[in-house]
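# What the coordinates show
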Amino acid sequence: MKALVYKGPNQKSWEDVPDPVIKEPTDIIVKIDTTTICGTDLHILKGDVPAVTRGRILGHEGVGTITEVGAAVTTLKVGDQIILSCVSACGHCGYCKQGVFSHCLAAEGAPGIGWIFGHLIDGTQAEYVRVPFGETSVYLLPEEVSPQQGTLLSDILPTGHEIGVRYGQVKAGDVVAVIGAGPVGLAVIATVGLYGPSKVISIDLDSNRTEKAKALGATDAVVSSDKDWKQQVLALTDGLGVDVAIEAVGIPQTFAMCLDIVRPAGHVANVGVHGKPVELPLQELWISNINISMGLVNTNTLDILLKMVAQKKIVTEDFVSHTFNLAEIVEAYDVFSRAAETKALKVMINA
Ligand code: NAD
Ligand code: ZN
């Protein structure tokens, strides 16, 4: 088969590799129908994720059709079309039983880290993929949901919902600010409406992206290159700040922006993956009773979100900016990596 292979920092190629085979009785083999590229894949290509070794097939998102099942698999069959979760879950360990799949103790490659596709084992940017713990790690795609919508459920919609909205404890009436309107910040915006906030403020440097945020449900947009961005945000509250500030960028500056606009007793939910140490001024924050949360997505709400997408309670149309064929994946990487020029958001790659 063909696959997108990481060849070391700044090198990748679409090339022939051996077809995946069943290794464990709980494995399934899936023919990829649709996949996509994540910002994390760009980080890997820069060499920022040393756990990814040369020769690794990248990708951790997608929808596919089962072509083979292991001997222990009884609830899935050849021909089923399924959503792949970016996190693999054995379903039996202590963490899986709590729904904390991100720390599955049986994960292949590194017990305790559930994100293994395109990281510690071969991933989904390929014609076929081997999926460990098939029964507990994939979700049947209902007829009403397209493979492209299903692909948004592999990672970004659960990430925005679980680490942004739920960890941020958004409740009815809240004023919520979301800093960063990339695919993940937009996934926060697309799912936060399920909890009844009174206002959702999208904050980004790029006004194209805050416009997308409005299409997906933001009530207000603030461009943070404006000198008075903070005053603009406070003016949208009662003056005390937002109830929940969600960080969806991953740099110290945007985390500090969350602390700047959150009201006393409010929540800051950090979703961004940080590459550098971030300052945490506890000496100032403690007296404001600020709650801070963070985490790796579990995808334990994927099934709930799938129902909401099927019922059109979550808008997904505006996430996809470009569509390619699998054989054009190198071009898709090029377009995705120049998002500021190409206005790329999610690039869908169909077999
Ligand atoms: P992205 O790079 O596509 O989007 C980031 C957005 O932030 C862009 O629109 C950019 O214009 C904006 N931005 C940059 N600097 C800014 C600033 N100073 N002020 C305001 N806006 C600014 O990223 P993405 O794919 O949407 O992912 C967002 C973050 O979520 C990343 O750090 C990613 O690694 C992380 N992530 C976390 C998890 C998890 O499990 N916690 C899962 C997936 C992704
Ligand atoms: Zn487990």
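Worth saying up front: this structure is predicted, and the values here are computed from it rather than measured. (Residues numbered from 1 in each chain as written. Chains lettered and ligands numbered in written order. Predicted model: local features only at pLDDT ≥ 70, side-chain atom pairs only at ≥ 80, totals over all residues. Heavy atoms only, no water.)

Counting its regular elements, the protein contains 13 helices and 15 strands. Here the protein has a C-alpha radius of gyration of 20 Å; the compact-globule value for 351 residues is 20 Å, and the two agree. In terms of overall dimensions, the protein has C-alpha extents of about 60 × 45 × 40 Å along its principal axes. When burial is assessed residue by residue, the protein has 53% of its 351 residues classed as buried. Intrachain contacts of the protein at a sequence separation of at least 6 include 68% that bridge at least 24 residues. Distance from the positive charge centre (27 side chains) to the negative charge centre (39 side chains) of the protein: 2 Å. (Helix = DSSP H or I, 4+ residues; strand = E, 2+ residues; numbered from the N terminus. Rg over C-alpha atoms; globule rule 2.2 N^0.38 Å. Buried < 20%, exposed > 50% of the residue type's maximum accessible area, 1.4 Å probe, protein only. Contact = heavy atoms within 4.5 Å. Lys, Arg positive; Asp, Glu negative; His and termini not counted. Charge placed at Lys NZ, Arg CZ, Asp CG, Glu CD.)

Taken together, 23 residues lie near ligand 1, and Asp204, Arg209, Val249, Gly295 and Val297 sit nearest. Contact with the protein chains covers 83% of the free accessible surface of ligand 1, which is 880 Å². Of all the secondary-structure elements, those providing two or more residues to the shell around ligand 1 are helix 6 (183-192) and helix 9 (252-261). Here the residues of the shell around ligand 1 sort into 11 nonpolar, 9 polar and 3 charged. (Near = heavy atom within 4 Å. Areas by Shrake-Rupley, 256 points an atom, 1.4 Å probe, with all protein chains shown as cover. Nonpolar A, V, L, I, M, F, W, Y, C, P; charged D, E, K, R; others polar.)

If you walk across this open sheet you meet the 6 strands as 10-9-8-11-12-13, and the pairing is parallel. Looking at strand neighbours, the two that pair on one side only are strand 10 (220-223) and strand 13 (291-294), the edges of this open sheet. On average, adjacent strands in this sheet sit at an angle of 20° to one another, irrespective of strand direction. Pairing of strand 8 (residues 175-179) with strand 9 (residues 199-204), which is carried by 5 bridges, proceeds in the parallel orientation. (Pairing = 2+ DSSP bridges. Axes fitted to C-alpha atoms, helices over the stretch in contact; angles between N-to-C directions.)

What follows deals with the coordination of the zinc ion (ligand 2). Cys90 (SG), Cys93 (SG), Cys96 (SG) and Cys104 (SG) make up the full set of protein donors to the zinc ion (ligand 2), lying at 2.3 to 2.4 Å. Around the zinc ion (ligand 2) sit 4 donor atoms; with metal-centred angles ranging over 101 to 120°, the donor geometry is tetrahedral. Read N to C, the donor residues that coordinate the zinc ion (ligand 2) are spaced as C-x2-C-x2-C-x7-C. (Donors = N, O, S within 2.8 Å, 3.2 Å for Na, K, Ca; no water. Tetrahedral: all angles 85-135°; square planar, octahedral: opposite > 155°, others 65-115°.)

For the rest of this paragraph, the subject is helix 6. The buried count for helix 6 comes to 9 of 10 residues, which makes it a mostly enclosed element. Regarding helix 6, the residues found buried are Pro183, Gly185, Leu186, Ala187, Val188, Ile189, Ala190, Thr191 and Val192.

All right, on to the pairing of strand 1 (residues 2-6) then. Across the 5 residues of strand 1, 4 count as buried, placing the element largely inside the fold. Pairing geometry for strand 1 and strand 2 (residues 12-16), over 5 bridges, is antiparallel. Paired with valine 5 across the bridge in strand 2 is serine 13. With antiparallel pairing between neighbouring strands as the criterion, strand 1 and strand 2 make up a hairpin whose turn holds 5 residues, including glycine 8 at a positive phi of roughly 110°.

The next point concerns the pattern of salt bridges. A complete count under the given rule lists 13 salt bridges for this structure. One salt bridge connects arginine 56 with aspartate 122, and the closest N-O pair in it is separated by 3.0 Å. Pair noted here: arginine 56 is in the loop between helix 1 (39-46) and strand 4 (62-69) and aspartate 122 is in the loop between helix 2 (94-97) and strand 6 (128-131), with a separation of 66 residues, a long-range link. Taking relative accessible area as the criterion, arginine 56 reaches 17% and is therefore assigned buried. (Salt bridge = Lys/Arg side-chain N within 4 Å of Asp/Glu carboxyl O.)

Here we take up the packing of helix 5 (residues 156-166) against helix 6. Following both chains from N to C, one finds helix 5 and helix 6 inclined at 70°, their axes separated by 7 Å at the closest point. When the axes of helix 5 and helix 6 are compared, the pair comes out roughly perpendicular. Along the contact surface, helix 5 presents Ile156, Leu157, Thr159, Gly160, His161, Gly164 and Val165, while helix 6 presents Pro183, Val184, Ala187, Val188, Ala190, Thr191 and Val192. Across the contact of helix 5 with helix 6, the residue classes tally to 9 nonpolar, 5 polar and no charged. (Parallel < 35°, antiparallel > 145°, perpendicular 65-115°, else oblique.)

Let us look at the layout of surface pockets. Approximately 290 Å³ is the volume found for the second largest pocket. Forming the walls of the second largest pocket are 17 residues, and the residues nearest its centre are Pro20, Lys23, Ile57, Asp122 and Arg130. Looking at the lining of the second largest pocket, the element that brings in the most residues is strand 6, giving 3 residues. Its residues assigned to classes, the lining of the second largest pocket shows 10 nonpolar, 2 polar and 5 charged. (1 Å grid on protein atoms, 1.4 Å probe; cavity = no way out; pocket = protein on both sides within 12 Å on 5 of 7 lines; lining within 4 Å. Points joined across faces, edges and corners; volume = space filled by probe spheres on them.)

Moving on to the domain arrangement of the protein. For the protein, the domain assignment lists domain 1 (2-155 + 298-350) and domain 2 (159-294). Domain 1 and domain 2 are separated by 27 Å when their C-alpha centres are compared. Contact with domain 2 buries area across many residues of domain 1, yet Asp318, Phe319 and Leu345 alone supply 35% of it, more than any other trio. A salt bridge links lysine 212 to aspartate 318; the shortest N-O distance between them is 3.9 Å. Remark: the boundary between domain 1 and domain 2 carries 8 residue pairs in polar contact (both at pLDDT 80 or more). The biggest single contributor to the side of domain 1 that touches domain 2 is helix 11 (residues 302-310), with 4 residues. Residues of the side of domain 1 that touches domain 2, tallied by class, amount to 10 nonpolar, 4 polar and 5 charged. (Domains from an automatic or database assignment. Buried area = accessible area lost by both parts, 1.4 Å probe. Polar contact = N/O pair within 3.5 Å; in protein donor to acceptor, adjacent residues only side chain to side chain.)

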